[in-house]
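Descriptive analysis of the structure
Chain by chain, the residues run as shown.
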Amino acid sequence: MLKLSVEEIAASRMTFEEIAAEFGEETAIQVGVIRDQDTLELGQDWFQRARPATEVVPQVVERWRRTRGKQKAPTKEAISIRLDQDVLAYYRASGRGWQSRINEALRKYIVNADPEDTEEPGSEQQ
């Protein structure tokens, strides 16, 4: 097999898929970078001038730091539920955390509920 440089492959008319099939995906990506005229090669001078994001855009970094990440041990499950509009409006009007307040209201209900009241509507007791 003829050994071609990435530059030689980039000069060809091969598509990304053809390059990936023949030379591998990494080579196809490198060819794409070479072919992209908007790609900027970052040199040592760029890295010497570079500054941390905390200096350049501190407000963006601070906002990002305040966001929650993934739960380490998920304790809740995302579901879809249909609620009456007035119930939803009531909880949303109470501000941030309205979903947690709905969860708490349901929790209070089940703690205080009579276990015999959990029968499904329409089912008959025997």
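Higher on the page you've got the structure.
Residues numbered from 1 in each chain as written. Predicted model: local features only at pLDDT ≥ 70, side-chain atom pairs only at ≥ 80, totals over all residues. Heavy atoms only, no water.

**A short note on a nonpolar patch on the surface**
Taken together, Leu40, Leu42, Trp46 and Phe47 make up a surface patch of nonpolar side chains, about 410 Å² in accessible area. Along the chain, the position of Leu40 falls in the loop between α3 (25-35) and α4 (44-49). (Patch = residues over 30% accessible without salt bridge, like charges linked within 9 Å, V, L, I, M, F, W, Y side chains within 5 Å. Areas by Shrake-Rupley, 256 points an atom, 1.4 Å probe, with all protein chains shown as cover. Salt bridge = Lys/Arg side-chain N within 4 Å of Asp/Glu carboxyl O. Helix = DSSP H or I, 4+ residues; strand = E, 2+ residues; numbered from the N terminus.)

**Quick word on the side chain of Thr27**
Position of Thr27 relative to the elements: it lies in helix α3. Owing to a relative accessible area of 18%, Thr27 belongs among the buried residues under this scheme. Other than its neighbours up to four places away in sequence, Thr27 contacts Ile9 and Ile19. (Buried < 20%, exposed > 50% of the residue type's maximum accessible area, 1.4 Å probe, protein only. Contact = heavy atoms within 4.5 Å.)

**A few points about the nonpolar core**
Grouped together as the largest cluster of nonpolar side chains are 6 residues: Ile9, Ala10, Met14, Ile19, Ala28 and Val31. Those elements giving two or more residues to this core turn out to be α1 (6-11) and α3. (Core = buried A, V, L, I, M, F, W, Y, C linked by side-chain atoms within 4.5 Å.)

**Details of the packing of helix α2 (residues 16-23) against α3**
In the contact formed by α2 and α3, the axes pass within 7 Å of each other and the chain directions differ by 140°. Regarding the angle of α2 to α3, the classification is oblique. In this structure, α2 meets α3 at a crossing whose hand is right-handed. The residues of α3 that touch α2, namely those facing Phe16, Ile19, Ala20 and Phe23, are Glu25, Thr27, Ala28, Ile29, Val31 and Arg35. Looking at the contact of α2 with α3 residue by residue, the classes come out as 7 nonpolar, 1 polar and 2 charged. (Axes fitted to C-alpha atoms, helices over the stretch in contact; angles between N-to-C directions. Parallel < 35°, antiparallel > 145°, perpendicular 65-115°, else oblique. Left-handed = near helix turned anticlockwise from the far one by under 90°. Nonpolar A, V, L, I, M, F, W, Y, C, P; charged D, E, K, R; others polar.)

**Things to note about the packing of helix α7 (residues 85-93) against helix α8 (residues 98-112)**
Closest axis-to-axis distance for the α7/α8 pair is 8 Å, and the angle between their directions is 120°. The angle between α7 and α8 places the two elements in the oblique class. In this structure, α7 crosses over α8, and the sense of that crossing is right-handed. Only Trp98, Arg101, Ile102 and Ala105 of α8 make contact with α7, whose side of the interface consists of Leu88, Tyr91 and Arg92. In terms of residue class, the contact of α7 with α8 is made up of 5 nonpolar, no polar and 2 charged.

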